[in-house]
Amino acid sequence: MSKGYFITLEGGEGAGKSTQIKRLARALENVGINTITTREPGGAPGAEEIRNLLVNGETKRWAPMAEVLLHTAARAEHLDKTVIPALKNGSWVISDRFSDSTLAYQGFGHGVDKAVIENIYRDAFSNFKPDLTLIIDISPDVGLARAGTRAAGGTNPNEDRYERMGVSFHQRIRNGFLEIAKENPERCVVINGELDEDGVFSAIKDAVIKRFEIKI
Ligand SMILES: Nc1ncnc2c1ncn2[C@@H]1O[C@H](COP(=O)(O)OP(=O)(O)O)[C@@H](O)[C@H]1O
Ligand SMILES: [Mg+2]
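On the surface, D113, E118, E179 and E183 cluster together into a negatively charged patch. Mapping E183 onto the fold places it in helix α7 (residues 167-183). Accessibility expressed as a relative area gives 52% for E183, which makes it exposed.

This is the structure in structure tokens:
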């Protein structure tokens, strides 16, 4: 059995990650590739419990380093219980956020030393990394406006702790993701998230076709 691939979608609030992940999973399934979709923080029972601590409540409830460690604890559960077993099983795994979000939010956003975040990741998960990371780039004004609409009509209107952190925080995150993409050109592709849904999906499809040499 061939090994599955691990694809991550990254980007700020309202960039279109959740929308596009569904479309990508459907496209892969349509060509016979077993695909699971998952998310961070979360994606496994214990990790979802930790998610509740991170996405609800007062914006300042956690020290930035505590956020790094909570996200890392959730990631350990996610990888152990969901991602690694699925990849071993030959499935492809698409995750709505992964470790680049920790570097962008807690590093670029909150100012935690980036080398410290990278070292914690390496100590915990050695050299495991996504096969492809799609960074959906969007201006925070557009993204937060979209996320506001989503919250009003969505199923989890309260999971907005990070959304409430202010536009300058979200601007640092945007710059952080672009910096991460520049530093990891072999893994990351930047997608213009301000196109319409079909335009964004078309760019995502192109990146996946190029990276994995498949037809979707
Ligand atoms: N390309 C797009 N153009 C306009 N609206 C979009 C686009 N992609 C998604 N949306 C809408 O914006 C909101 C946020 O999208 P979502 O996929 O939930 O973003 P994310 O998961 O990155 O926070 C949703 O209401 C969604 O329908
Ligand atoms: Mg989402």
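Next, the rest of the story.
Residue pairs three or four apart in sequence face the same way in an α-helix, which turns once every 3.6 residues. If you check helix α5 (residues 114-125), its first and last C-alpha atoms are 16 Å apart, about what twelve residues at 1.5 Å a residue would give, namely 16 Å. By the burial criterion, the buried members of α5 are I117, I120, Y121 and F125. Axial view of α5: buried residues confined to an arc of 100°, hence all on one face. Of the surrounding elements, those touching the buried residues of α5 are α3 (64-88) and α4 (99-109).

Okay, the pairing of strand β1 (residues 6-11) next. The buried fraction of β1 is high, at six of six residues. Both β1 and strand β3 (residues 92-96) contribute to a ladder of four bridges, which runs parallel. Looking across to β3, one finds that I7 is bridged to I94. Two elements, β1 and strand β4 (residues 132-137), share five bridges in a ladder whose sense is parallel. Bridging across to β4, E10 finds its partner in I135.

What follows deals with the sheet that holds β3. Spatially, β2-β3-β1-β4-β5 is the arrangement adopted by the five strands of the open sheet, whose pairing is parallel. Looking at the sheet topology across the chains shown, the edges are occupied by β2 (35-39) and β5 (188-192). Averaged over all pairs of adjacent strands, the angle between their axes in this sheet comes to 20°, without regard to strand direction. Those strands touched by helix α8 (residues 197-212) are β1, β3, β4 and β5, and its axis lies near 160° from that of β4.

Procedures and definitions
- Sequence order as written defines the numbering, with residues in each chain counted from 1.
- Chains carry letters from A onward and ligands carry numbers from 1 onward, assigned in written order.
- Local features are withheld for residues below a pLDDT of 70 in this predicted model, meaning they are given only at 70 or higher, and side-chain atom pairs are given and counted only at 80 or more; totals for whole chains, interfaces and linings count all residues.
- Each side-chain value is worked out from all heavy atoms of the structure, with water and hydrogens disregarded.
- Patches were defined on residues exceeding 30% relative accessible area and lacking a salt bridge, with like-charge contacts within 9 Å and nonpolar side-chain contacts (Val, Leu, Ile, Met, Phe, Trp, Tyr) within 5 Å.
- Surface exposure here means Shrake-Rupley accessible area, sampled with a 1.4 Å probe, where a residue is shielded only by the protein chains that are shown.
- Every case where a carboxyl oxygen of Asp or Glu lies within 4 Å of a side-chain nitrogen of Lys or Arg is listed as a salt bridge.
- Under this rule, positive means Lys or Arg and negative means Asp or Glu; His and the chain ends count for nothing.
- By convention, the charge on Lys lies at NZ, on Arg at CZ, on Asp at CG and on Glu at CD.
- Here a strand is any run of E in DSSP of at least two residues, a helix any run of H or I of at least four, and the numbering for each starts at the N terminus.
- Partly exposed residues are those whose accessible area sits between 20% and 50% of the maximum for their type, while under 20% is buried and over 50% is exposed, using a 1.4 Å probe and protein chains only.
- Each helix should span, by expectation, one fewer than its residue count multiplied by 1.5 Å.
- In this context, the arc is that of the directions from the helix axis out to the C-beta atoms.
- Here, two residues are considered to be in contact whenever any of their heavy atoms come within 4.5 Å of each other.
- Two strands qualify as a pair provided that DSSP identifies no fewer than 2 bridges between them.
- Helix axes are fitted to C-alpha atoms over the stretch in contact, other axes to C-alpha atoms as well, and angles between N-to-C directions run from 0 to 180 degrees.

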